[in-house]
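Inside the fold
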Amino acid sequence: MAEIVIDFKARSYQQEVIKWFRGGGKRAVEVWHRRAGKDRTATFIESELACKRVGLYWHALPEYAQARRVIWDAITKDGQKLIDISFPAAIVRKKHEHEMKIELINGSIWQPVGADNFNSLVGSNPVHVTYSEYALMNPSAREYLRPIIAENNGSELFISTPRGYNHFFDLYEFARTSEFWHTSRLSVDDTKVIPQEVLDEEQKTMPEELYRQEFLCDFSAANVGAILGRWVEQAEKDGRVSDDVEYDPSGAGLVISSDIGRRDTATWWFWQPRADGFALVDYDEDSGLDADEWTTRLTERLAGRTLDKIWLPHDAKAKTFAAKHSAIEIFLGKFGGEVMRIVPNTAKGDRINAARKVMPHCYFAKTKCATGLKGLRAWSFEWNQETRQFSREPKHDWASHPGDGWSYGAQVMQEHIVEKKVIARNKDVVANAEKGGIFTLPCLEDMWKQGISTRNMRI
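Residues numbered from 1 in each chain as written. Predicted model: local features only at pLDDT ≥ 70, side-chain atom pairs only at ≥ 80, totals over all residues. Heavy atoms only, no water.

Side note on the overall build of the protein
- What the protein contains, in helices and strands, is 16 helices and 17 strands.
- Residue burial in the protein is summarised as follows: out of 459 residues, 54% are buried.
- Looking at the protein alone, contacts between residues at least 24 apart form 70% of all its contacts between residues at least 6 apart.
- Roughly 21,800 Å² of accessible area belongs to the protein as shown, and the carbon and sulfur atoms make up 48% of that amount. (Helix = DSSP H or I, 4+ residues; strand = E, 2+ residues; numbered from the N terminus. Buried < 20%, exposed > 50% of the residue type's maximum accessible area, 1.4 Å probe, protein only. Contact = heavy atoms within 4.5 Å. Areas by Shrake-Rupley, 256 points an atom, 1.4 Å probe, with all protein chains shown as cover.)

Listed below in structure tokens is the structure:
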């Protein structure tokens, strides 16, 4: 086959990672600032790899809609389509517009995909995956796909700007100490590809933390727009995130809060009320499961533990989670009316306030709740670059599912925090009062153990 030249005038820093993969490198993490040409470089690498080895090549974005907008429909500053530059007609056999898929003349297939429904990707057999904007991506996507890449002796490329000390930071820190990974971390001061007047304008019109993340590649900048980020950080500083946090068989029964969905991810937080607040002893999530499958899975996970209540979101009444029956009908059939509850339908802002209010009273099992905690750190309002404002509601992405599941639970738990304080205050009054005719109020934990409702209690 005649030699085909793909027109890409790579900058020096882009050439380094290109050479890495040309030389047989398998894994790379590139922390590059906005407009550094991350996706442009990645698609060029993918086209070269696809021409050398027949296989399936994926370019993954956090959401499927982004895959079309950022990659498939992208136009370069020269007015050309990105995919036409990286995959010129001379190497293309067929282009599938609806599926966003390109077949090459040697049999390779290249395709941009969304990680928001990653479980649907399992069953395919890629030999390379690029994770674009990995800091904003559900980390579970890679966990699902990495065994396939390993079995195929394939390759991985991670490109992103930072979003605080999250899974992308952890991967970068690991990779830069390994001889088997290529890494780079480049700010605008390193590449000097963006004019200073442009940077000055950006800095004036966006939050400082976001500017530090996007242009200075600063991991230490707070996750801008984060809803619970600093509360999670404070819990870690206080030592309330630890593997010493465990289920207490002699304590109160477990309360499970959830955010459910069949196509979307369903999440489940396991709360155990205790004298000093709440122990989050477990967390579970998955997508593509219906209500019957979840009742079985939760029953298995609850083995050896006492269950008090399961709180489902208000939309569990709708017949969307399962085909023939609503989620609450199926859960009622499995767990009974004494266990099942529906969270009242309130404004999302009220749930967010509850989530923040309850957080200081919570202790987390570090390993068992690791995935859920990553979601709480990443749960955030979205910054609109055009209006220069944050969205009024949380961004709907992978982190919104653990965030919603948590906030539903917090909505229920917050009233017990108030009542516990009232009880404690009244017990002090009782202790200092005259003994004659005085009764002692039960403590909150005893109420949980006995199943006594405090919803309408007045003291």
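Some details on the nonpolar core
- With 62 residues, the main nonpolar core has Trp268, Trp271, Leu312, Phe331 and Trp406 as its most contacted residues.
- Examining the composition of this core, we find that six residues originate from one element, helix α15 (residues 400–432), more than from any other.
- If we skip the residues at most four places from it in the chain, Trp406 touches Leu228, Trp269, Trp271, Leu280, Ala355, Met359, Cys362, Phe364 and Leu376.
- Of all hydrophobic cores here, the second largest spans 33 residues; its members include Ala36, Leu49, Val92 and Ile159. (Core = buried A, V, L, I, M, F, W, Y, C linked by side-chain atoms within 4.5 Å.)

Comments concerning the sheet that holds strand β10 (residues 254–259)
- Spatially, β9-β15-β12-β11-β10-β13-β14 is the arrangement adopted by the seven strands of the open sheet, whose pairing is mixed. Of all strands in the sheet, those with a lone pairing partner are β9 (241–242) and β14 (340–342), marking the two edges.
- Relative to strand β15 (residues 362–365), strand β12 (residues 277–287) runs parallel, the two sharing three bridges. Paired with Phe278 across the two strands is Cys362, which belongs to β15.
- Relative to the sheet, helix α11 (residues 291–301) contacts β11 (265–274) and β12, its axis offset from that of β12 by approximately 140 degrees. (Pairing = 2+ DSSP bridges. Axes fitted to C-alpha atoms, helices over the stretch in contact; angles between N-to-C directions.)

A short note on helix α5 (residues 140–151)
- Regarding α5, the residues found buried are Ser140, Ala141, Arg142, Leu145, Ile148 and Ile149.
- Positive phi shows up at Asn153, right after α5, with a value of about 50 degrees.

As for the packing of helix α10 (residues 229–237) against helix α14 (residues 370–378)
- As a packed pair, α10 and α14 sit with axes 7 Å apart at the nearest point and diverge in direction by 135 degrees. One finds that α10 runs oblique with respect to α14. Note on element contacts: α14 touches α10 through Leu373, Leu376 and Arg377, opposite Gly229, Val232 and Glu236.
- Taken together, the residues of the contact of α10 with α14 sort by class into three nonpolar, one polar and two charged. (Parallel < 35°, antiparallel > 145°, perpendicular 65-115°, else oblique. Nonpolar A, V, L, I, M, F, W, Y, C, P; charged D, E, K, R; others polar.)

Some points on the environment of Ser220
- Among the structural elements, Ser220 can be located in the loop between α9 (208–214) and α10.
- Given the relative accessible area of 40%, Ser220 is considered partly exposed.
- Discounting chain neighbours no more than four positions away, the residues touching Ser220 are Tyr165 and Arg212.
- At 3.3 Å, the side chain of Ser220 and the side chain of Arg212 are in polar contact.
- Within polar-contact distance, the side chain of Ser220 engages the side chain of Asp218 at 2.5 Å. (Polar contact = N/O pair within 3.5 Å; in protein donor to acceptor, adjacent residues only side chain to side chain.)

Thoughts on the sheet that holds strand β2 (residues 56–61)
- A sheet is described by the order of its strands in space; here eight strands give the open sequence β3-β4-β5-β2-β6-β7-β1-β8, paired in mixed fashion. Each edge of the sheet is formed by a strand with only one pairing partner; in this case those strands are β3 (92–96) and β8 (181–186). If you compare each strand with its neighbour and ignore which way they point, the axes differ by 15 degrees on average.
- Both strand β1 (residues 27–32) and strand β7 (residues 155–160) contribute to a ladder of five bridges, which runs parallel. Opposite Val31, over in β7, you have Ser160 as the bridge partner.
- Lying over the sheet, helix α1 (residues 12–22) contacts β1, β7 and β8, oriented at roughly 170 degrees with respect to β1.

Topic: unusual backbone geometry
- Look at Arg35: it is not a glycine, yet its phi comes out positive at around 70 degrees.
- By the secondary structure assignment, Arg35 is in the loop between β1 and α2 (38–52).
- A residue is classified by how much of its surface remains accessible, and Arg35, at 45% relative accessible area, is partly exposed.

A few points about the pattern of salt bridges
- As enumerated under the stated definition, the model contains 23 salt bridges in all.
- Connected through shared salt-bridge partners, Asp282, Asp284, Asp286, Arg297, Arg301 and Arg305 make up one network. (Salt bridge = Lys/Arg side-chain N within 4 Å of Asp/Glu carboxyl O.)

Looking at the environment of His96
- Structurally, His96 can be placed in strand β3.
- A polar side-chain atom of His96 sits 2.6 Å from a polar atom in the side chain of Glu103.

Points about the packing of aromatic side chains
- Counted by the stated rule, this structure contains 23 aromatic pairs.
- With a centroid separation of 6.2 Å and an interplanar angle of 85 degrees, the aromatic rings of Phe174 and Trp181 are classed as edge-to-face.
- Here Phe174 falls in the partly exposed class, since its relative accessible area comes to 49%.
- Here Trp271 and Phe278 contribute two aromatic rings whose centre-to-centre distance is 5.8 Å and whose plane-to-plane angle is 85 degrees, an arrangement assigned as edge-to-face. Comparing Trp271 with Phe278 shows no difference in burial state: the two are buried.
- Among the aromatic side chains, those forming a connected cluster through ring pairs are Tyr131, Tyr134, Phe158, Tyr165, Phe168, Phe169, Tyr172, Phe174, Trp181 and Phe219.
- A cation over an aromatic ring shows up here: Arg230 above the ring of Trp231, its NZ or CZ 4.0 Å from the ring centre.
- Lying across the ring of Tyr408, Arg351 places its NZ or CZ 4.1 Å from the centre. (Phe/Tyr/Trp six-rings, centres within 6.5 Å; stacked < 30°, edge-to-face > 60°. Lys NZ or Arg CZ within 6 Å of the ring centre and 35° of its normal.)

So, the environment of His401
- You can see His401 is positioned in helix α15.
- Assessed through its relative accessible area of 7%, His401 is described here as buried.
- Measuring from C-alpha to C-alpha, the distance between His401 and Glu285 comes to 8.9 Å, with 116 residues separating the pair along the chain.
- When neighbours within four sequence positions are excluded, His401 is seen to be in contact with Asp259, Asp264, Thr265, Thr267 and His396.

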